[in-house]
Every structure is written in C-alpha cells, then in structure tokens.
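Here's the letter readout for the chains.
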Amino acid sequence: MSKNILVFGEVRDGELRNVSFEAIAFARKISEDGEITAAVFGKDGLDEAANEMIYHGADRAVTVQDEKLETYTSEGYAQAALAVIDDENPDGIVMGHTSAGKDLTPKLASKLESGLVSDVTDIEVTGDNVVFTRPIYSGKAFEKKIVTDGMIFATIRPNNIAALDRDDSRSGDVSSKDVEIKDLRTVIKEVLRKTTDGVDLSEAKVVVSGGRGVKSKEGFEPLQELADVLGGAVGASRGACDADYCDYSLQIGQTGKVVTPDLYIACGISGAIQHLAGMSNSKVIVAINKDPEANIFNVADYGIVGDLFDVVPKLTEEIKNL
Ligand code: FAD
C-alpha cells in the first residue's frame, strides 16, 4: 500500500521522545513504499531532531520553529500542525499516545473532520486493510478497528511497536516552514517534571512499583535501588500515593499512568482492577507479595510469595553480581 504518512515527533527538553521513532516504524507498517514525513516543532535547534527522525526511517522532515513552541500548548502546536498538514495533505497522521498526543490529536481530528484511532497497541496490514488493535474497558479487552473512509489518523501507545534501527547513513530533505503562531491564551512559565533519575516512567523499559505493602516513604528506597540497577523507573499504586509514601506523579492505573514496559515488578501491590488497568499489558510481570492469594498473581508471569523487604534487596544484589 502506498500512502504518504505524516509523523509528529515529540521534542522534550531538546530530546526526541522514543515514541516518536516508534511512530515512524508504525507509519512504515501502514505504508511500505509511501513517503514518511516527520514534523517537529519547537523554539530552536530542531535540525538535529529532524535528522534523528530521518535516521530512524523518515524520508524527510519539516520543522516549525517559534518561541511560542518552546513548550507544548494545544493552541500553539495545533497551529503549527494544521499548517504542516495543509501543506503536506497526507493520507495518514501518526503520533505517540502521550499527554501531548492525547491532547493535540482530538483537536486536529475535529478541525480536519477526520476520525481518530487512539492508543493503538498493534497493527496488521492485509492487502488494502489496515487493522488497528487498541485496548478497551481499561485494558480488560481489545478491539480491532479498520478505517474504511478518509484519512488514517492514529496515536500509538509507547513501548508497543519496536522502533526501526537507527541508521545515520540515511539522509533526507529537512525544510523549515514559516508559520505565524498567533498569541497564545495559555503561556507556560515553567515546567516541573518528576522523573526518576531521568528515566521517564511512561517510556521506561523496566518499572519497579510499590504499593501499600511498602509501608513508608523510606520503604521505597530498596525499590529505587532495584530500579537503578535495572536502568528503570519507580512507579506506585494509588494505595501508596494515598498513604503519602510517594508522589501522585508515580501512580499507575486507571486514574494514573498507563505503562507497558518490558518488565514490571509489583512489590506489595494487591492487584486491584484499577491498578491492573495501568500495567497488565506489560511484557513480563513479576509480583512480590506476602499473600499467596493476592490478585496480582493472576496477571503475573512470575510470582514470589514473600516479604518484599527480604526479596527486593536480594534481587538487587543478584542483579549487581551478573
Ligand atoms: P492494598 O490493596 O492494601 O495491597 C497491599 C498489598 O501489599 C497486599 O496484597 C499485601 O499482601 C501486600 N503486602 C503487605 N506487606 C507486604 C510485604 N512486607 N511484602 C510483600 N507484600 C506485602 N489504584 C491504583 O493503583 N491505580 C489507579 O489508577 C487507581 N484508580 C482508582 C480509581 C477509582 C475510581 C477507584 C475507586 C480506585 C482506584 N484505585 C487505583 C485504588 C484501587 O482500587 C486499590 O485500592 C489500590 O490499587 C490498592 O493499592 P495497593 O495494592 O497498594 O494496596
């Protein structure tokens, strides 16, 4: 199928988020031999990001630079995105299902009078049919969707579609588009971001999560050590956040973040349905819980019945010695 697809890359703190590269791989699946154009927006220095998008499989890239695009706002980014879409007239648009993607894409879809398939976790292309898979009912079931008419517009869940290998011998045209961004009604003065030593929870390959069983703020320390040796991030259940053992920015679940890491280690988490909604699609789940009847064991690939304060430090030591 030959379709021209536009992929929005997401630059944050000068760096492209990994899901931007996954979006290119996804676009390539939709359109094997069509043209993939990447679009990146920001205040300045976007050529590097544009070239990175090309190294990861885009054919060319368009940048829109403006002071008002320094941080994401739906108003500013929508103006830039609509101007690029107007120029490119793509057959499809793909973006990460991130906070920005969740905010921007419905706005664009309504302006373009297009449908939108959001939070896609898998794709199958058979002939002219593109079948999207996406979770529904908080991850308890999956639905398959086919776009029968109009533009293909999709957001993809981070960590589900493998990015293409980076190849810095690839080259492509990088053009800068002048867009007059009108004054914004919302101006972002400062962004305070909670990350665990730079590892973004929603994109981490390994997440070590603590629940009420962690019992205190200090109880999170062994979890942080385990996350550090694995190069991962720390997450939490709402039980732990409500008990003030950690910040709400770490909450995973129906009313928190949705994560799909390669490895999710749940420590002292009972496995309430609202928690499972945020992590049950992780590739490998390990549960550590004192209670052999805990529901978390029903979704775990590996279960350890035991006290997390014995098990977690031992795991950390073993991994350090590997
Ligand atoms: P608990 O259920 O109290 O479980 C603690 C577990 O720790 C137990 O299984 C216990 O056996 C184990 N344990 C205790 N000590 C140890 C030890 N030393 N070693 C090993 N194991 C130990 N929850 C979320 O997580 N995310 C959400 O987004 C979310 N959204 C919600 C939305 C709504 C509308 C509602 C009503 C609820 C929501 N909840 C959410 C709350 C959810 O229902 C549960 O109350 C919560 O997930 C429980 O957290 P927990 O597993 O940490 O605590």
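Every residue gets a number counted from 1 within its own chain, in the order that chain's sequence is written. With pLDDT at 70 or above as the cut-off, local features in this predicted model cover only qualifying residues; side-chain atom pairs require 80 or more to be listed or tallied, and sums for whole chains, interfaces and linings still use all residues. The basis for every side-chain value is the complete set of non-hydrogen atoms in the structure, without hydrogens or water.

Engineer: Any chance you could break down the overall build of the protein chain for me, citing the residues and the numbers?
Structural biologist: When helices and strands are tallied, the protein chain shows eight helices and 17 strands. Restricting the calculation to C-alpha atoms gives the radius of gyration, and the globule rule supplies 2.2 Å times the number of residues raised to the power 0.38. Computed over the C-alpha atoms, the radius of gyration of the protein chain is 21 Å, within 12% of the 20 Å expected from 2.2 N^0.38 for a compact globule of 322 residues. Based on the C-alpha atoms only, the size of the protein chain along its principal axes is roughly 60 × 45 × 40 Å. The classification of residues rests on relative accessible area computed with a 1.4 Å probe and restricted to protein chains. Under 20% of the type maximum is buried, over 50% is exposed, and intermediate values are partly exposed. Every one of the 322 residues in the protein chain was classed for burial, and the buried ones make up 50%. Should any heavy atoms of two residues lie within 4.5 Å, those residues are considered in contact. Considering only contacts in the protein chain between residues 6 or more positions apart, those separated by 24 or more positions represent 65%. Looking at the protein chain as shown, the accessible area adds up to about 15,600 Å², and 44% of this sits on carbon and sulfur atoms. Working definition: helices are DSSP H or I runs of at least four residues, strands are E runs of at least two. Numbering for both runs from the N terminus. Note on areas: these come from Shrake-Rupley sampling with a 1.4 Å probe, and a residue is covered only by the protein chains present in the view.

Engineer: Help me get a handle on the site of the ligand, residues and values and all.
Structural biologist: Residues in close proximity to the ligand total 26 residues, the closest being Arg212, Ser237, Thr255, Ser270 and Asn289. For the purposes of these results, a polar contact is taken to be a pair of N or O atoms within 3.5 Å, where, inside protein, one atom must be able to donate a hydrogen and its partner to accept one; residues adjacent in sequence count only when each atom of the pair is a side-chain atom. Take Ile252: an N or O atom from its main chain is 2.8 Å from a nitrogen atom of the ligand. Between the ligand and Asn289, the relevant distance is 2.7 Å, taken from an oxygen atom to a side-chain nitrogen or oxygen of the residue. When the ligand is considered free in solution it has 990 Å² of accessible area, and contact with the protein chains removes 76% of it. Elements represented by at least two residues in the shell around the ligand include exactly helix H6 (238-242), helix H7 (273-279) and helix H8 (308-320). The residue classification treats Ala, Val, Leu, Ile, Met, Phe, Trp, Tyr, Cys and Pro as nonpolar and Asp, Glu, Lys and Arg as charged. All others, Gly included, are polar. Class assignment for the residues of the shell around the ligand results in five nonpolar, 15 polar and six charged. A molecule or strand has a residue near it when one of that residue's heavy atoms lies within 4 Å.

Engineer: I'd like a rundown of the environment of Gln274, residues and numbers included.
Structural biologist: As for its placement among the helices and strands, Gln274 is situated in helix H7. When the C-alpha atoms of Gln274 and Ser138 are compared, they prove to be 7.9 Å apart, with 136 residues separating the residues in sequence. Residues within four places of Gln274 in sequence aside, it is in contact with Gly253 and Gln254.

Engineer: If you had to explain the packing of aromatic side chains to someone new, which residues and values would you point to?
Structural biologist: Any two of the Phe, Tyr and Trp rings considered here, Trp counted by its six-membered ring, make a pair once their centres fall within 6.5 Å; the pair's planes then place it as stacked at under 30 degrees, edge-to-face at over 60, or tilted in between. Within the structure shown, the criterion is met by four aromatic pairs. When the ring of Phe8 is compared with that of Phe41, the centres are 5.6 Å apart and the planes differ by 50°; the resulting orientation is tilted. Taken together, the residues span a long stretch of sequence, with Phe8 in strand S1 (residues 5-8) and Phe41 in strand S4 (residues 36-42) at a distance of 33 residues. Just as Phe8 is buried, Phe41 falls in that class too. Each residue in the set Phe8, Phe41, Tyr72 and Tyr77 is aromatic and connected to the rest through ring pairs, giving one cluster.

Engineer: So what about the packing of helix H3 (residues 74-88) against helix H4 (residues 99-112)? Which residues, and what values?
Structural biologist: Between H3 and H4, whose axes approach to 10 Å, the crossing angle comes to 50°. It follows from the interaxial angle that H3 and H4 lie oblique. For H3 against H4, the interelement crossing comes out right-handed. Together, Ser74, Glu75, Tyr77, Ala78, Ala81, Leu82 and Ile85 of H3 and Asp103, Leu104, Lys107, Leu108, Lys111 and Leu112 of H4 make up the contact between the two elements. Axis angles are defined between N-to-C directions and span 0 to 180 degrees, where every axis is a line fitted to C-alpha atoms and, for a helix, only to the segment in contact. An angle below 35 degrees is treated as roughly parallel, one above 145 as roughly antiparallel, one from 65 to 115 as roughly perpendicular, and anything else as oblique. Each crossing gets its hand from how the near helix is turned against the far one by less than a right angle, where anticlockwise is left-handed and clockwise is right-handed.

Engineer: So what's going on with the pairing of strand S10 (residues 141-146)? Which residues, and what values?
Structural biologist: Between any two strands, at least two bridges found by DSSP are needed for them to pair. By the bridge criterion, six bridges tie strand S9 (residues 129-136) to S10 in an arrangement that is antiparallel. What sits directly across from Val131, in S10, is Ile146. Between the antiparallel neighbours S9 and S10 lie four residues, among them Tyr137 with a positive phi of about 50°.

Engineer: Lay out the sheet that holds strand S15 (residues 263-267) with the relevant residues and their values.
Structural biologist: The strand order across the open sheet formed by five strands is S14-S13-S15-S16-S17, and the pairing between neighbours is parallel. For this open sheet the edge positions go to strand S14 (233-236) and strand S17 (302-305), each flanked by a neighbour on one side alone. Averaged over all pairs of adjacent strands, the angle between their axes in this sheet comes to 20°, without regard to strand direction. Strands strand S13 (206-210), S14 and S15 of the sheet are contacted by helix H5 (residues 221-230), whose axis makes an angle of about 175° with S13.

Engineer: Account for H5, naming residues and giving values.
Structural biologist: For H5, the complete set of buried residues consists of Pro222, Leu223, Leu226 and Ala227. Buried residues in H5, looked at end-on, bunch into an arc of 140°, giving them a common side. Residues of H5 that are buried in the fold lie against S13, S14, S15 and H8. Directly beyond the C-terminal end of H5, a positive phi value near 65° is found at Gly231. Directions drawn from the helix axis to the C-beta atoms are what define this arc.

Engineer: Quick one: what's the story with the sheet that holds S1, residue by residue and with numbers?
Structural biologist: What the seven strands build is an open sheet, ordered S7-S11-S6-S1-S4-S5-S12; its pairing is parallel. The sheet is open, and its two edges are formed by strand S7 (117-120) and strand S12 (174-176), each paired on a single side. If you compare each strand with its neighbour and ignore which way they point, the axes differ by 20° on average. In terms of strand pairing, strand S6 (residues 92-96) meets strand S11 (residues 152-156) through five bridges, oriented parallel. Considered in S11, the bridge of Val94 is made with Ala154.

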